[in-house]
Each structure stands twice: as C-alpha cells, then as structure tokens.
Amino acid sequence: MVLPAMVAWSASAVCQSCMEAVGGSSGVAFGDALGAVAKGALAGGACCVAAVVCLCVAAMASGYGLCSVSHGSVLHGVQADGVQTHGVQTHARAWAGEGGAVRRAMRCLVAVCGVAMLCALVSATAVRMVASHDAVTRVAAEGAPAGVDGVRLVVQVTAPAQASVRRGFTCSVMATALGVTSSEVSEGSMAHVTLWADSRGCLAQAGARYVAVGKVTPPQWGDDAAWMEVTQDDDAWAMIRAPNAPGRMIARMQDAFLRVAGRLSDQGRVLVPGLTLGVMGQRSAVNALAGQNAVDAVYAAGLTDRFRNAGIMHLMAVSGGHFALVAALVSAVSHRWLASRRVTAFATVVAYAGLAAVLYPSDSVTRAAAMGCMGAACLALGRRTQAWSALSWTVVIAVVACPRLAVSYGFALSVTAVAGIVAFTPALTRAARRVMPRSLAQACAVTIAAQTLSLPVQVMMGTGMPLWSVAANAIVAPCVSAATICGLASFAVSWCAPSVGFALAWLASGGTALMERSAAWMGGAGGVLAWPDGVAGGFLAAACEVITVALALIARRMVRMRRIHRTGSEEGTPVGPIMMMRHAMRQWWRDTRREVLDARWDEPWEGRHGGV
C-alpha cells in the first residue's frame, strides 16, 4: 500500500494546486475544474508509472542476482569465467519461471494505484468545487453590499480560542460556518472560517454555536474559506447553543490547566502547555486575557526561534508520542486484569478518542490518532501490526476523506517523519550501538531517521537546515516522556486539585528547562545552514540525501568485497586490536556478571568451588 498511498497523495495535491491556480478565490468553473482534474490525473499517473518502473528495475536486479554475480567475481575470480555465467543463467531461469506471478502482481499494483488515484481526484475535485460555490466564499469575494453594516454568521467552534497574531484583535477562533445572512438573505454553508474578535472571543468553547456579526474577507494566509472581523458591538457575538457535557468538561479542564501552568517560570509557561496540549503558552486564550501578567512576547518569540533552529520544535507539536504513552498504559492495565485482545483494542480506541478530544486540533494529531486506530484494529483481529501498512492506509483514507491534508505541511512532516522512523531506525540503531550505549544510540537513530525524509519538507517551508538537530534531540530525549507524563497528569487533576496539578506541572517544567537550555546552546543563528527554500530547495535536499546514501552504500560494498577478497569468506573477516580488546572486555563482563548472579552465597566457599 505504500505506492498507492504515494500516488493518491501526489494526485490530490497536484489537483488542488492546479484548481487553486485556475480558480483562485473567486471560484472554479466546471471546464477549468475538469482541466485541473486532467492535469492531476496525468501527474498522478506519471508518479505511478515512475514508481512501477523503479519497482520493476529493483525486482529485476534482485531476480538476476547482481549481488551473487559480484560475489562470484570476487570469490572465484581465479577460476573459469563459466562460474559467473552459470550464476546469471540460473537467476535468469528463476526470473523467467516467476514471470507470471510478477506480472500478475504488477497488474494488481497498477489497478490499486489507479483506484486510489481516482478516489483522491474525485474527492479533491468535489470538495474544492463545493467550497468554491459556498455562500461564505462568495460573500468574502464580493464583499458586503452597499448600505449593509455587516454580515451575520452562524458558526460552530471547532477548536479552543487562541491568542491573535493580528493587531487590533485579542483572540482568533476556528469554526465551521453553518449559515450566512447578507442583505436579508440567509443561506446555508459548510465553509471553514477564522473569526478575529476581542476579549469575548477568548471565551469561545469548542463545540458551541455562536452568532457573529462583522466583516467577511478572503483569507490572507492559510486554507480557510474566509475570515471574519467581528465588530465591537454588544450584540455582535452571542452563544446560541452551549457545548454538550463532555465538551464543557474538556473546556473546564483545559482552562484550569492553562491557569496552573501560568504560575510557572517563563519557560514553563511557554513550553509545558506546548508539550502537553500542543499549544504554546503565549498562544493560549488564558494568556491573551492575562493583561500585564502575560508572557513576554519578545522572550516567547526568541524561544520559538531557538527551538526551530535547534531542530526540536516538533516537541511542541503533539504527535505519536502521546498516543504511544496512552497505548502503553492501556496495555499494562489490560494485561493486569487479563482482558481479551478485543477489549484491549476497544479500550485503546476509546483512550485515543479521549486524548484527541482534549488536545488542540492539528494535522499531526489526526495522523497519529488514525494510525493508532489502525493498530487497534489489527489487535482486535489478531493480526500483527505492520507500520508501513498502517501508515499507507492512514494516508489514503486521510487524503480521500479530507483532501486539505494533502497540501498541509503539518501532515507532510508527520507522515515523512514516521516513514523515516519505520524505514531507517532499526538499521541506524544497530550501527550506532557499536560506538555508543543502547539508549543514546536509539535516540540518535530515531532523530536521524525522522530527519532523513522530513528534511526536504522542512526546507520547503523555509526554515533552513538545522545543524545540531541530532545532538539536541539526543540531549532532550531522556526527559521528554517523563515531562509529557507529568504534564498529562497535571492536566487530569488541575480542575479538581490545583495544588497537585501545579506540583506536577512544576515537575514537567524541569524537563522543559533542559529543552530550553539545549535550544539556547544549539539554536543560535549559527546553528542553521542557509539553504534555498521552496520546491527547488526541497528537491535539492532530497537529491543530496540520495547521493549521500548511495555513496555510503557503495563504500560499504567496497569494504565488504575487500574483506571477502582478503579472507575468502565473509565469516573470516579480520578484526583489529581495538575490536579484539572490546570483545575481550565484553566477554570478561559477561563471565563476571554470570559468576556473581549465579553464585550460591549461602554455601561455604569450599562447597561452591569443589573444595578448592
């Protein structure tokens, strides 16, 4: 499913980009939409054909046994050349015998890729065309008619309010428009909008419905259909339906936790909410209403830049780490009570849903929750979880159900980081364990693996190339899980026991203090390598990575062939004095530990060693 996921993702992204270029914000005509779909189909098909060609070349290389030919040329170079020719002929006959199965597999792969691409294109086109003809989009493009004071929107809030990044407003609220009234004409809507409001908007609760009156304009950035600047009138903002009981409880818990975190030091006020809920302290609505007690904006901006330059900004974006901790807790409780696998899977899904509800919405949270549910489904069915399959299905379902994710940097960073971890972490960990302890090797391997595939996306965002990312992540790795657990525990109890919640938040701030120090050491201006941004910079970074990996593999191959040439076999590889000394020290430690642990200390010395 990896290849169909790539094809669906690329087709959806290209289709939306083409339709955006054709239609802009004023809508998309049917003929232009069909042209954009055709371009997207051609792009997706090109990706599919290129990937299939690469797979065919790899399969042929594997089938013809190029490695065996190379081994034969080295091991039997002094013999007749017929040995090498016989090896090629043997593999050729094997390839010919398996040709039917390979061709059937290729046809199935092409069919699955075609279906995935078609679903992605249809979904992207339908969503884009519906959005372009939405009433809110039309009002934002045309503007309010003359003599109309403002447009009236009925919205449902989809995320907690955050501090505004625009001057003249206190908070911003993400919502879905349910209806719009302009010039005494009311129409339905499903558009995603952002409301810019004063202090009244900071009290908005997720799941509640409000009536807002103001000026509707096209968005200046982001993927919203429109922005609304809520007026300062008393009747310009009113709640018409409160959230349900779970929504009110979640809002109360979030508010209590943010108020408890506001009593910490400056770095704790900024980082603990980010590590726990995915929103940095200076962006919370509680901080926006704090007035003179708010976090210093200059300090918060500098801290954010240092985190980004050090390559540890991903810690402030909730992703799979929170869900892994929750899954481990559910698994431990289930094993303690001897629960069946179906009960464990159901409890895991419920825990994932609850965690996703309390966190601030983001594309990385969506990816982590969906992939976690895939793993729970495998557990319920009694099948082993396959990370590649779960990630691929997550991508396909995500881009078909919500095409906006195909052009989201957050979703791309999350998916590429997970793909890199799944693909490269085991090999990198084995290599790093030769020169460093296991825990440090694993931390460095995870960091390098995640950076390998996500680096081109980071470069496209214009953040540069962090030089000290591996070292910074290795330093903070031991305290991330402990600080996250303390933060989540503080969130769970702050609404009923503020003093206990503050103690737990203070413990979490101890871990974030190490992160702040690491960012200060390694996140300076000299810690980022200047690199071209945009698509060209991303492709350049990817090309450099491919060339580096190819050179490393070639060097490893040459060293291996040299060893085989010198010894006649791979088992007889010579070792140097340092490796011999390490092996002797390791063997001595094993023997000593076995003697100490297996000794019978309750017997006299003569009895333990045969009377000696």
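For the structure itself, look to the data block above.
Only a predicted model underlies this, so the values are computations on that prediction, with no experimental measurement involved.

## Here we look at the pattern of salt bridges
Thinking step 1. The tally for this structure, following the rule as stated, stands at eight salt bridges.
Thinking step 2. Of the charged contacts, one joins glutamate 229 and arginine 166 as a salt bridge, the two residues approaching to 3.1 Å between their closest N and O atoms. Placement of glutamate 229 in strand 7 (residues 226-230) and of arginine 166 in the loop between strand 2 (162-163) and strand 3 (171-182) is noted, with a sequence separation of 63 residues between them.
Thinking step 3. Here glutamate 229 falls in the partly exposed class, since its relative accessible area comes to 22%.
Thinking step 4. Here the salt bridges do not stand alone but share partners, grouping Asp223, Asp363 and Arg404 into one network.

## Overview of the environment of glutamine 205
Thinking step 1. Relative to the assigned elements, glutamine 205 resides in the loop between strand 5 (192-197) and strand 6 (209-217).
Thinking step 2. With relative accessibility at 26%, the residue glutamine 205 sits in the partly exposed group.
Thinking step 3. Measuring from C-alpha to C-alpha, the distance between glutamine 205 and valine 157 comes to 6.7 Å, with 48 residues separating the pair along the chain.
Thinking step 4. In contact with glutamine 205, not counting residues within four places along its chain, are Val157, Tyr210, Pro243, Arg248 and Ala251.

## Remarks on helix 11 (residues 320-336)
Thinking step 1. Taking 1.5 Å of rise per residue, 17 residues should cover 24 Å, and helix 11 covers 24 Å from first to last C-alpha, within 8% of that figure.
Thinking step 2. Listing the buried residues of helix 11 in full gives His322, Phe323, Val326, Val330 and Ser334. End-on, the buried residues of helix 11 take up no more than an arc of 100 degrees, which puts them together on one face. Exposed and oriented more than 90 degrees from the buried face of helix 11 are His335 and Arg336.
Thinking step 3. Where the residues of helix 11 are buried, they touch helix 8 (266-277), helix 12 (341-358), helix 13 (363-381) and helix 17 (469-493).
Thinking step 4. Trailing helix 11 by a residue or two, leucine 338 shows a phi angle of about 55 degrees, which is positive.

## A short note on the packing of helix 15 (residues 409-432) against helix 16 (residues 438-460)
Thinking step 1. One way to put it is that helix 15 packs onto helix 16 with a least axis distance of 6 Å and a crossing angle of 145 degrees. The chirality of how helix 15 crosses helix 16 is right-handed.
Thinking step 2. Here the contact of helix 15 with helix 16 is composed, by residue class, of 18 nonpolar, eight polar and no charged.

## Some points on the state of the cysteines
Thinking step 1. Under the definition given, this model contains one disulfide.
Thinking step 2. In this model, cysteine 171 is linked to cysteine 202 through a disulfide, with the two sulfur atoms separated by 1.8 Å. Note on the cysteine 171 and cysteine 202 pair: the S-S dihedral is about 100 degrees, so by sign convention the disulfide is right-handed. You can see cysteine 171 sitting in strand 3 and its partner cysteine 202 sitting in the loop between strand 5 and strand 6, a full 31 residues away along the chain.
Thinking step 3. We classify cysteine 171 as buried; its relative accessible area is 0%.

## Quick word on the environment of alanine 256
Thinking step 1. With respect to the helices and strands, the residue alanine 256 is situated in helix 7 (residues 245-261).
Thinking step 2. Under the relative-accessibility criterion, alanine 256 is labelled buried at 16%.
Thinking step 3. A C-alpha to C-alpha distance of 7.7 Å links alanine 256 and proline 498, two positions 242 residues apart in sequence.
Thinking step 4. Setting aside residues up to four positions removed in sequence, alanine 256 forms contacts with Ser494 and Trp495.

## As for the pairing of strand 1 (residues 151-157)
Thinking step 1. The element strand 1 is extensively covered by neighbouring structure, given that five of its seven residues are classed as buried.
Thinking step 2. Here strand 1 runs beside strand 6; their pairing, made up of six bridges, is antiparallel. Bridging from a neighbouring strand, valine 151 pairs with glycine 214 of strand 6.
Thinking step 3. With six bridges connecting them, strand 1 and strand 3 associate as antiparallel partners. Bridge pairing in strand 3 places valine 155 opposite alanine 177.

## Section: the side chain of threonine 344
Thinking step 1. Structurally, threonine 344 can be placed in helix 12.
Thinking step 2. Given a relative accessible area of 9%, threonine 344 falls into the buried group.
Thinking step 3. Those residues in contact with threonine 344 that lie beyond four places of it in its chain are Val330, Ser334, Ala339 and Leu379.

## Side note on the packing of aromatic side chains
Two aromatic rings are characterised by how far apart their centres lie and by the angle between their planes.
Thinking step 1. Evaluated as defined, the whole model comprises seven aromatic pairs.
Thinking step 2. For the ring pair phenylalanine 169 and tryptophan 196, a centre distance of 6.4 Å and an interplane angle of 50 degrees mean the geometry is tilted. Taken together, the residues span a long stretch of sequence, with phenylalanine 169 in the loop between strand 2 and strand 3 and tryptophan 196 in strand 5 at a distance of 27 residues. Note on accessibility: phenylalanine 169 and tryptophan 196 belong to one class, buried.
Thinking step 3. Relative to tryptophan 221, the ring of tryptophan 196 lies with its centre 6.4 Å away and its plane at 75 degrees, an arrangement referred to as edge-to-face. Placement of tryptophan 196 in strand 5 and of tryptophan 221 in the loop between strand 6 and strand 7 is noted, with a sequence separation of 25 residues between them.
Thinking step 4. Overall, the relative accessible area of 4% leaves tryptophan 196 in the buried class.
Thinking step 5. One aromatic cluster in this structure is built from Phe169, Trp196, Trp221 and Trp227.
Thinking step 6. The positively charged end of arginine 166 is found above the aromatic ring belonging to tryptophan 196, 5.1 Å away from the centroid.
Thinking step 7. Above the plane of the ring of phenylalanine 502 lies arginine 263, whose end atom (NZ or CZ) is 4.4 Å from the centre.

## A few points about helix 18 (residues 498-522)
Thinking step 1. An ideal rise of 1.5 Å per residue puts 36 Å on 25 residues; helix 18 measures up with 35 Å between its terminal C-alpha atoms.
Thinking step 2. Along helix 18, the largest kink reaches about 25 degrees and is centred on glycine 511.
Thinking step 3. Among the structural elements, helix 7, helix 8, helix 10 (297-310) and helix 17 are those in contact with the buried residues of helix 18.

## A word on a nonpolar patch on the surface
Thinking step 1. A contiguous nonpolar surface patch, about 320 Å² in accessible area, is contributed by Met1, Val112, Trp393 and Ile397.
Thinking step 2. You can see isoleucine 397 is positioned in helix 14 (residues 387-401).

## Description of the nonpolar core
Burial of nonpolar side chains together is a common tendency in soluble globular proteins.
Thinking step 1. The biggest cluster of nonpolar side chains holds 30 residues, and the ones touching the most others in it are Val136, Val155, Val193, Leu195, Val216 and Val230.
Thinking step 2. Contributions of two or more residues to this core are made by helix 6 (135-142), strand 1, strand 3, strand 5, strand 6 and strand 7.
Thinking step 3. The element that contributes the greatest number of residues to this core is strand 3, accounting for five residues.
Thinking step 4. Excluding its chain neighbours within four sequence positions, the residues that come into contact with valine 230 are Leu195, Trp196, Ala197, Ala212, Val213, Gly214, Ala236 and Trp237.
Thinking step 5. Counting residues in each nonpolar core, the second largest holds 27 residues, with Ile250, Leu258, Val279 and Leu355 among its members.

Here is what the cut-offs are and how they apply
- Residues numbered from 1 in each chain as written.
- Predicted model: local features only at pLDDT ≥ 70, side-chain atom pairs only at ≥ 80, totals over all residues.
- Heavy atoms only, no water.
- Salt bridge = Lys/Arg side-chain N within 4 Å of Asp/Glu carboxyl O.
- Helix = DSSP H or I, 4+ residues; strand = E, 2+ residues; numbered from the N terminus.
- Buried < 20%, exposed > 50% of the residue type's maximum accessible area, 1.4 Å probe, protein only.
- Contact = heavy atoms within 4.5 Å.
- Expected span 1.5 Å × (residues − 1).
- Arc of directions from axis to C-beta.
- Axes fitted to C-alpha atoms, helices over the stretch in contact; angles between N-to-C directions.
- Left-handed = near helix turned anticlockwise from the far one by under 90°.
- Nonpolar A, V, L, I, M, F, W, Y, C, P; charged D, E, K, R; others polar.
- Disulfide = S-S within 2.5 Å.
- Pairing = 2+ DSSP bridges.
- Phe/Tyr/Trp six-rings, centres within 6.5 Å; stacked < 30°, edge-to-face > 60°.
- Lys NZ or Arg CZ within 6 Å of the ring centre and 35° of its normal.
- Bend = angle between axes of the 7 residues up to and from the residue.
- Patch = residues over 30% accessible without salt bridge, like charges linked within 9 Å, V, L, I, M, F, W, Y side chains within 5 Å.
- Areas by Shrake-Rupley, 256 points an atom, 1.4 Å probe, with all protein chains shown as cover.
- Core = buried A, V, L, I, M, F, W, Y, C linked by side-chain atoms within 4.5 Å.

Limitation: the analysis is restricted to geometry and does not speak to function.
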